[in-house]
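Close look at the chain arrangement
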Amino acid sequence: MATTALSTDVEVANELKFRLAKIPAVTSALLLAEQSSLTIFVGLDEDEPAARNLVYDVEDELAVKFPDANVDLHVVAIPEGQRLADYVSNSRCVYQRPS
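Calculation criteria
- Residues numbered from 1 in each chain as written.
- Predicted model: local features only at pLDDT ≥ 70, side-chain atom pairs only at ≥ 80, totals over all residues.
- Heavy atoms only, no water.
- Buried < 20%, exposed > 50% of the residue type's maximum accessible area, 1.4 Å probe, protein only.
- Helix = DSSP H or I, 4+ residues; strand = E, 2+ residues; numbered from the N terminus.
- Pairing = 2+ DSSP bridges.
- Right-handed = clockwise from strand over helix to strand, strands pointing away.
- Expected span 1.5 Å × (residues − 1).
- Arc of directions from axis to C-beta.

Before going further, it helps to examine the pairing of strand 2 (residues 38-44). Here is the key point about a regular strand: its side chains alternate between the two faces of the sheet. A large share of strand 2 lies buried, amounting to 7 of its 7 residues. Side chains L38, I40, V42 and L44 of strand 2 all project onto a buried face; the interleaved residues T39, F41 and G43 project onto the opposite face, where all are buried too. Bridging between strand 1 (residues 26-33) and strand 2 involves 7 bridges; their strand directions are antiparallel. When the bridges of strand 2 are listed, A33 appears paired with L38. Where strand 1 hands over to strand 2, the hairpin turn is made up of 4 residues, counted between the paired strands. Taken together, the 7 bridges between strand 2 and strand 3 (residues 71-77) define a ladder with parallel strand orientation. In the strand pairing of strand 3, I40 is matched with L73. Handedness of the crossover is the feature at issue here: the chain leaves strand 2, passes through helix 2 (residues 49-65), returns alongside strand 3, and the resulting connection is right-handed.

Take a look at the structure:
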């Protein structure tokens with residue numbers, strides 16, 4: 001049975017939420033589903049290379065788990081007092097670190 005774009009969107013979002021919750025520096029993740037691709041924006045507290053590498057490891061894991069999904073991931077360091085949604089407003093939140 002073929003996987004639809006919508007079900008892939010939901011599956012990727014669920015996987016992201018699960019994996020990103022394990023990275024303390026991640027504040028939030030937004031997903032923008034376009035016709036043939038999923039664009040993901042991941043917000044970090046600060047631009048820390050170790051955290052950035054952990055997020056890129058998640059991207060690599062997504063590519064293995066969802067080989068037919070065209071996923072484009074971007075990591076954004078969010079200044080204090082700002083939110084990722086301030087930069088990317090036309091997407092939906094798939095992960096928000098609890099306050």
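What sets the pattern is the α-helix's 3.6 residues per turn: residues three or four places apart point alike. Helix length check: helix 2 (17 residues) gives 24 Å between terminal C-alpha atoms against 24 Å at 1.5 Å per residue, within 8%. Those residues of helix 2 that sit buried are A51, V55, V58 and L62. End-on view of helix 2: buried residues confined to an arc of 45 degrees, all on one side of the axis. For helix 2, exposure combined with an orientation more than 90 degrees from the buried face picks out P49 and V64.

Functional significance is not addressed by these values, which are geometric in nature.
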